[in-house]
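For reference, the chains in residue letters:
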Amino acid sequence: MSAVNDTNLNSAVFLLTGIPGQEDVYLWISIPFCLMYLISIVGNSVILFIIKTDPSLHEPMYIFLSMLAVTDLGLLISTLPTILGIYLFNSREISLDACFAQLFFIHSFSFTESSMLLLMAFDRFVAICNPLRYASILTPPRIAKLGLVFVLRGVVLVFPLPFLLKRFQYCQSNVLSHSYCLYQEVMKLACSDITVNSIYGLSVKLLTVGLDSLLIFLSYVMIIKTVLSFASPMECLRALNTCVSHLCAVLLFYIPDIGLSVIHRFGNSSSHLLQILLGYVYLLAPSLMNPVVYSMKNKYLRARIIRVFIK
């Protein structure tokens, strides 16, 4: 297929990229990707099943964890067709409409994941700083409303992105540097002025990931301040230990996300291979590792998972 020129927008295509120079071994490369997708989907599905079927886990912390698992599954399903399509079938072409739809779901689920991590930080903040009011503050109806508000925030802010891209003609190279579509990358291929798109995209990022990460940081400042006031060192360690899983999830999500955003906006001279690998870490590492981290650090969840598989 020729590069995208001033042809009809709906008939044009983008070309996705796997790992350059490794086309001969794509089938072998597909094996670890298939395993990662399988482990991630099974792991998050098991977390959801355990929490849904065990009434003793119908507590705020586990409800937020189930929301995180649903978001991870959404991200996995959004990227699975194109990533595995490249490595299994060398299928690189994606229509503009399909690309716009994919980036809508990727960014919506990504911003929703950031929101879920913020809600989980709020859960830890209330549990440690105001334990006597924990049950009265985080009631099931309030949790449902908070989850709905943050999901709608992500969807509403991302909704204009495909339409902002659809109004352009794409007369530059039609080759994308990832195995999936991202707004900031597709935007750069337009042959028109992208100032409005760039400002809106940056504003959305700051209002979601930027704001969420700041509030998570402030939550942990308050948590540490409260924990340090405990008389017993054992109580202090016990309280901090309840936050370890969440801190791991936060680092797994925000470090690759911020790194990829910086590379896309300012790293024109950075290694193309680094950009590709960081893109895979950004999408796959949180979904893969979150069930592992939470099942290893939470003894109640771990015991119930073991019980399910032993049966």
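Per-chain numbering applies: the sequence of each chain, read as written, is numbered from 1 onward. The model is predicted, so local features are restricted to residues of pLDDT at least 70 and side-chain atom pairs to those at 80 or more, both for listing and for counting; the totals for chains, interfaces and linings are taken over all residues. Excluding hydrogens and water, the side-chain values take into account all heavy atoms of the structure.

Digging into the pattern of salt bridges
To keep things clear, this is the line we draw: Each reported salt bridge corresponds to a side-chain nitrogen of Lys or Arg within 4 Å of a carboxyl oxygen of Asp or Glu. The secondary structure listing takes helices from DSSP runs of H or I that are at least 4 residues long and strands from runs of E that are at least 2 residues long, numbered from the N terminus. In this scheme, a residue with accessible area under 20% of its type's maximum is buried, one over 50% is exposed, and one in between is partly exposed, where area comes from a 1.4 Å probe on protein chains only.
All chains considered together, the criterion is met by five salt bridges. Between Asp-97 and Lys-166 there is a salt bridge, with the nearest N and O atoms lying 2.6 Å from each other. One end of the pair, Asp-97, is in helix 3 (residues 96-129); the other, Lys-166, is in helix 6 (residues 160-166), with 69 residues separating them in the sequence. By relative accessible area, Asp-97 is classed as partly exposed at 36%. According to the relative accessible area criterion, Lys-166 is partly exposed, its value standing at 31%. Asp-123 serves as the salt-bridge partner of Arg-124, at 2.9 Å between the closest nitrogen and oxygen. Across the pair, Asp-123 and Arg-124 agree in class, each one buried.

Considerations on the environment of Ser-179
Using the following cut-off: Contacts between residues were defined by any pair of non-hydrogen atoms, one from each residue, lying within 4.5 Å. Think of a polar contact as two N or O atoms within 3.5 Å of one another; within protein, one of them needs to be a possible hydrogen donor and the other a possible acceptor, and neighboring residues in sequence only count if both atoms come from side chains.
Mapped onto the secondary structure, Ser-179 falls in the loop between helix 6 and helix 7 (183-187). Note on Ser-179: relative accessible area 0%, which makes it buried. Among all residues touching Ser-179, those that are not within four sequence positions of it are Leu-16, Thr-17, Gly-18, Thr-82, Ile-83, Ile-86, Tyr-87 and Tyr-280. At 2.5 Å, the side chain of Ser-179 and the side chain of Tyr-280 are in polar contact.

A short note on the packing of helix 11 (residues 272-297) against helix 12 (residues 299-310)
Just so we agree on the cut-off: Orientation is described by lines fitted to C-alpha atoms, with helices fitted over the stretch in contact, and by angles between N-to-C directions that extend from 0 to 180 degrees. Angle categories: roughly parallel below 35 degrees, roughly antiparallel above 145, roughly perpendicular from 65 to 115, and oblique for all the rest. Residue classes follow a fixed rule: Ala, Val, Leu, Ile, Met, Phe, Trp, Tyr, Cys and Pro count as nonpolar, while Asp, Glu, Lys and Arg count as charged, and any other residue, Gly among them, counts as polar.
Remark: helix 11 packs on helix 12, axes separated minimally by 5 Å, with the N-to-C direction vectors making an angle of 105°. The angle between helix 11 and helix 12 places the two elements in the roughly perpendicular class. Side by side, helix 11 and helix 12 meet where Tyr-294, Ser-295, Met-296 and Lys-297 of the first sit next to Lys-299, Leu-301, Arg-302 and Ile-305 of the second. Among the residues forming the contact of helix 11 with helix 12, the class breakdown is four nonpolar, one polar and three charged.

As for the nonpolar core
Threshold: Among buried residues, the Ala, Val, Leu, Ile, Met, Phe, Trp, Tyr and Cys ones that are joined through side-chain atoms within 4.5 Å form a nonpolar core.
Counting residues in each nonpolar core, the largest one holds 87 residues, and the members touching the most others are Phe-14, Tyr-87, Leu-117, Tyr-170 and Val-186. Looking at this core, the element that brings in the most residues is helix 3, giving 15 residues. For Val-186, the contacting residues outside a window of four places in its chain are Phe-14, Cys-99, Phe-100, Leu-103, Leu-165, Tyr-170, Leu-176 and Cys-181.

Comments concerning the state of the cysteines
Here is the rule we go by: For this text, the term disulfide refers to a pair of cysteine sulfurs within 2.5 Å.
Within the structure shown, the criterion is met by one disulfide. Cys-99 shares a disulfide with Cys-181; S-S distance 2.0 Å. With the S-S bond torsion at -125°, the cross-link from Cys-99 to Cys-181 turns out left-handed. Highlighted residues: Cys-99 in helix 3 and Cys-181 in the loop between helix 6 and helix 7, separated in sequence by 82 residues. Each member of the pair Cys-99 and Cys-181 is classed as buried. With no disulfide of its own, Cys-243 has Cys-129 as its nearest cysteine by sulfur position, at a separation of 8.9 Å. Cys-243 gets classed as buried once you look at its relative accessible area, which sits at 1%.

Quick notes on helix 2 (residues 60-89)
Stated formally: Each residue after the first adds 1.5 Å to the expected span of a helix. At every residue, the bend is computed as the angle between two fitted axes, covering the seven residues ending there and the seven beginning there respectively.
In a regular helix each residue adds 1.5 Å, so 30 residues correspond to 44 Å; helix 2 covers 43 Å between its end C-alpha atoms and thus fits that length. Maximum bend of helix 2: about 45°, positioned at Leu-80, with proline Pro-81 one to four residues after it. Most of helix 2 is tucked away, with 22 of its 30 residues classed as buried. Once helix 2 ends, the next one or two residues include Asn-90, with phi positive near 50°.

Thoughts on the side chain of Ser-40
Counting through the fold element by element, Ser-40 comes out in helix 1 (residues 26-53). Dropping the residues within four chain positions of it, Ser-40 is found in contact with Leu-76, Ser-287 and Leu-288.

Quick notes on the side chain of Ser-287
With respect to the element layout, Ser-287 can be found in helix 11. If we ignore the near neighbours within four places in the chain, the residues touching Ser-287 are Ser-40, Asn-44, Asp-72 and Leu-76.

A few points about the environment of Ile-47
The residue Ile-47 is located in helix 1 in this model. Residues Ile-47 and Leu-65, spaced 18 residues apart in sequence, show a C-alpha to C-alpha distance of 8.2 Å. Every residue in contact with Ile-47, bar those within four places of it in the chain, is listed here: Leu-65, Ala-69, Pro-291, Leu-301 and Ile-305.

Examining the packing of helix 3 against helix 5 (residues 140-158)
What counts is decided by this rule: Whether a crossing is left-handed or right-handed is set by the direction in which the near helix is turned from the far one by less than a right angle, anticlockwise for left-handed and clockwise for right-handed.
At their nearest, the axes of helix 3 and helix 5 sit 9 Å apart, and the two run at 145° to each other. Judged by the twist between their axes, the crossing of helix 3 over helix 5 is right-handed. Note on element contacts: helix 5 touches helix 3 through Leu-146, Gly-147, Phe-150, Val-151, Arg-153, Gly-154, Val-155 and Val-158, opposite Phe-104, His-107, Ser-108, Phe-111, Thr-112, Ser-115, Met-116, Leu-118 and Leu-119. Classifying every residue of the contact of helix 3 with helix 5 by side-chain character gives 10 nonpolar, six polar and one charged.

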